Each structure stands twice: as structure tokens, then as C-alpha cells.
Amino acid sequence: VQLQAFGGGRVQPGGSLRLSCAASGRTFNDNIMGWFRQTPGKEREFVAAMHRSGGITRYADSVKGRFTISRDNANNSVYLEMHSLKEEDTALYYCGANSHSSWYNFLIYYSMDYWGKGTLVTVSS
């Protein structure tokens, strides 16, 4: 499976961006799709995830109320709507897919089987 994230860019604090991630190479039936982010010198951190059913989501506390994850199984895509962006949201954002874990186990390990290349989000005035 191949994942390609895009939609990053430069935005002022308080602005919005929408990230997209397209999956190809296999049937889009991964149990869990999600977004992580990473800044230089830090480990990749969890941002948001959604179960295949679309009815279950989880967000990092730092983005709750500002970010919304969604997925379109028919188009093999997952999205991340980001609003009220802060400078600390600046990072390289990665989309990932997990095809084998239950939702319960995912919330313990936050592991992904596949990763796309990141897309850079810069929040700066």
C-alpha cells in the first residue's frame, strides 16, 4: 500500500488548512487511518485517528476542538481539517494506516503498518 499526503503549506496563526491522504495499491480497508506529526529533534507524535467504520475517532489533547479527521472509503482517502492553527502546530504531518489492530490495541500502542511521506505545515506570522 502507498500513502501520499498533501495539502500542507504556510499559514498565519489562527488560520486553517486541510490535509489529504490518498491510499493506493490495495483495497482501502485498513482498520484505522490516522495522522501523526513530527518536528526536528522530537519523536513522531499522534494527532488523530479514525476507525474504518467512521464512527470512532481519537484526538490528541493538543488538537481537540480544532482538528477534525474524516475518511472517504470510496475514494481511499483520509482528511485532516485544521482550524485555529497555532505556531506549535508547525510540523511535518504524516498519514498512516493500520490494517491489523483492533481499536483497543491501537489506543495502547498507536502503531501504524504503513506511512506516507510527510507534508509540511508551517504556522507563522
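Cut-offs and rules
- Residues numbered from 1 in each chain as written.
- Predicted model: local features only at pLDDT ≥ 70, side-chain atom pairs only at ≥ 80, totals over all residues.
- Heavy atoms only, no water.
- Helix = DSSP H or I, 4+ residues; strand = E, 2+ residues; numbered from the N terminus.
- Buried < 20%, exposed > 50% of the residue type's maximum accessible area, 1.4 Å probe, protein only.
- Contact = heavy atoms within 4.5 Å.
- Areas by Shrake-Rupley, 256 points an atom, 1.4 Å probe, with all protein chains shown as cover.
- Pairing = 2+ DSSP bridges.
- Core = buried A, V, L, I, M, F, W, Y, C linked by side-chain atoms within 4.5 Å.
- Salt bridge = Lys/Arg side-chain N within 4 Å of Asp/Glu carboxyl O.

Asker: Got a minute to help me understand the overall build of the protein chain in this structure?
Answerer: Looking only at helices and strands, one finds one helix and eleven strands in the protein chain. When the helices and strands of the protein chain are read in sequence order from the N terminus, they spell out β-β-β-β-β-β-β-β-β-α-β-β. With the principal axes as the frame, the protein chain shows a C-alpha extent of 40 × 30 × 25 Å. Looking at the protein chain as a whole, 43% of its 125 residues are labelled buried. Long-range pairs, those at least 24 residues apart, make up 58% of the contacts in the protein chain with a sequence separation of at least 6. For the protein chain, the accessible area works out to roughly 6,400 Å², and carbon and sulfur atoms hold 46% of it.

Asker: Would you mind going over the pairing of strand S11 (residues 119-123) with me for this structure?
Answerer: Put simply, side chains in a regular strand alternate between the two faces of the sheet. The element S11 is largely enclosed, with a buried count of four among its five residues. Here strand S2 (residues 9-11) pairs with S11 via three bridges, running parallel. Its bridge partner lying in S11, Arg10 is registered against Thr122. Both strand S9 (residues 91-98) and S11 contribute to a ladder of three bridges, which runs antiparallel.

Asker: Hey, could you run me through the nonpolar core in this one?
Answerer: Most often, soluble globular proteins have nonpolar side chains that are buried together. Counting 34 residues, the largest nonpolar core has Trp35, Val47, Phe67, Ile69, Leu80, Met82 and Tyr93 as the members making the most contacts within it. If one sorts the elements of this core by residue count, strand S5 (residues 45-51) sits on top with five residues. Leu80 has contacts with Leu17, Arg18, Leu19, Trp35, Val47, Ala48, Phe67, Thr68, Ile69 and Tyr93, leaving out every residue within four places of it along the chain.

Asker: How do you make sense of the pattern of salt bridges when you look at a structure like this?
Answerer: One pass over the full model with this rule turns up five salt bridges. Arg18 is the salt-bridge partner of Glu81, the closest N and O atoms lying 2.9 Å from each other. Pair noted here: Glu81 is in strand S8 (residues 77-82) and Arg18 is in strand S3 (residues 17-24), with a separation of 63 residues, a long-range link. Here Glu81 falls in the partly exposed class, since its relative accessible area comes to 25%. Across the salt bridge formed by Lys64 and Asp61, the nearest N and O atoms sit 3.1 Å from each other. Judged by relative accessible area, Asp61 falls into the exposed class, the value being 64%. One connected set of salt bridges, linked through shared partners, spans Arg37, Glu45, Arg66 and Asp89.

Asker: What am I meant to see in the environment of Ser125 here?
Answerer: Turning to its location among the elements, Ser125 is positioned in the segment after S11. Considered as a pair, Ser125 and Gly14 are 111 residues apart in the sequence and their alpha carbons are 9.8 Å apart. Once you skip the residues sitting within four places of it in the chain, Ser125 turns out to touch Pro13 and Glu87.

Asker: Please explain unusual backbone geometry as it appears in this structure.
Answerer: Outside of glycine, negative phi angles account for most residues, and trans bonds account for most peptide bonds. A positive phi angle is found at Ser84, which is not glycine, with a value near 50°. Residue position: Ser84 is located in the loop between S8 and S9. For Ser84, a relative accessible area of 42% corresponds to the partly exposed category. Even without being a glycine, Tyr110 presents a positive backbone phi close to 50°. In this fold, Tyr110 is placed in the loop between helix H1 (103-109) and strand S10 (114-115).

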